[in-house]
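Below, each chain spelled out in residue letters.
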Amino acid sequence: MTDAANRFPRALELAHTLVRSRLGAGHRAVDATAGNGHDTLFLASLVGSSGQVLALDVQEDAVRATRARCAALDQVRVMLAGHETMARQFGEQVRAVMFNLGYLPGGEKTVITRPETTLAALGAAVEMLEPGGIVTVVLYTGHEGGREETDAVLGWAQTLDQARFTSIHYRFLNQRHGPPELLAVERRDAAASL
Ligand code: SAH
């Protein structure tokens, strides 16, 4: 995806820009909502063959599509499992975790991310971050339950301990159809905290 120079980046483009600036060769990363596998491939290309990417999805079609897209990449593991289990699957010390909420385009629209499991997964994700690491969450408000999920996620992000984390929220204010929003959380560098 190319970023046009003369417009604000879309939520997903900004997520990619933020992740690209801190994820590199040999790092570990999680795609918490594998979907069609585009972000898994993006993360795998940044960490390279010496890194590791875990991709999770609860939908078999998504797991199949992501495995197919990343078939040639040994650094990628794709699991049919909920993202709320990521700490158990992958342990501590990841550099980046990406979430893309809502439903899989072209997939089963009843399989959507839900506030309870999303919040559990986010809580796990920030605790897995190494200093300087980042969690990005693309948020959707257009589908049933999307506004409630977005509000729950933003409410959670506001309560994070500022000595350990910094959270930001990016959203378009005057667009009619409520385009996706972005939440990003970084784990502060130990040396930078007071
Ligand atoms: N709305 C995005 C795509 C979101 S895909 C877009 O327009 O591009 C969201 C993915 O999350 C779906 O593939 C869905 O199966 C998956 N999902 C739902 N609940 C999940 C959970 N608990 N753990 C992991 N993945 C989940």
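It should be noted that the structure appears before, not after, this text.
Residues numbered from 1 in each chain as written. Predicted model: local features only at pLDDT ≥ 70, side-chain atom pairs only at ≥ 80, totals over all residues. Heavy atoms only, no water.

A. View of the site of the ligand. Taken together, 21 residues are adjacent to the ligand, and Asp57, Gln59, His83, Leu101 and Tyr103 come closest. Asp57 places a side-chain nitrogen or oxygen 2.6 Å from an oxygen atom of the ligand. Here a nitrogen atom of the ligand sits 3.0 Å away from a polar atom, N or O, in the main chain of Leu101. If the ligand stood free it would expose 580 Å²; the protein chains cover 87% of that surface. Of the pockets mapped on this structure, the ligand occupies the largest pocket. Taken together, the residues of the shell around the ligand sort by class into 11 nonpolar, 8 polar and 2 charged. (Near = heavy atom within 4 Å. Polar contact = N/O pair within 3.5 Å; in protein donor to acceptor, adjacent residues only side chain to side chain. Areas by Shrake-Rupley, 256 points an atom, 1.4 Å probe, with all protein chains shown as cover. 1 Å grid on protein atoms, 1.4 Å probe; cavity = no way out; pocket = protein on both sides within 12 Å on 5 of 7 lines; lining within 4 Å. Sits in = over half its atoms within 2 Å of the grid points. Nonpolar A, V, L, I, M, F, W, Y, C, P; charged D, E, K, R; others polar.)

B. Looking closely at the packing of aromatic side chains. In the structure shown here, the tally under the stated rule is 1 aromatic pair. The side chain of Arg28 reaches across the aromatic face of Phe90, ending 3.9 Å from its centre. (Phe/Tyr/Trp six-rings, centres within 6.5 Å; stacked < 30°, edge-to-face > 60°. Lys NZ or Arg CZ within 6 Å of the ring centre and 35° of its normal.)

C. Quick peek at the pattern of salt bridges. For the structure on display, the rule yields 10 salt bridges. Glu181 is the salt-bridge partner of Arg147, the closest N and O atoms lying 3.7 Å from each other. In this pair, Arg147 sits in helix α6 (residues 146-158) while Glu181 sits in strand β7 (residues 181-187), placing the two residues 34 residues apart along the sequence. Residue classification places Glu181 among the buried positions, given a relative accessible area of 4%. In the salt-bridge network here, residues are joined through shared partners; they are Arg147, Asp151, Arg171 and Glu181. (Salt bridge = Lys/Arg side-chain N within 4 Å of Asp/Glu carboxyl O. Helix = DSSP H or I, 4+ residues; strand = E, 2+ residues; numbered from the N terminus. Buried < 20%, exposed > 50% of the residue type's maximum accessible area, 1.4 Å probe, protein only.)

Spatial relationships are all this shows, so hold off on functional conclusions.
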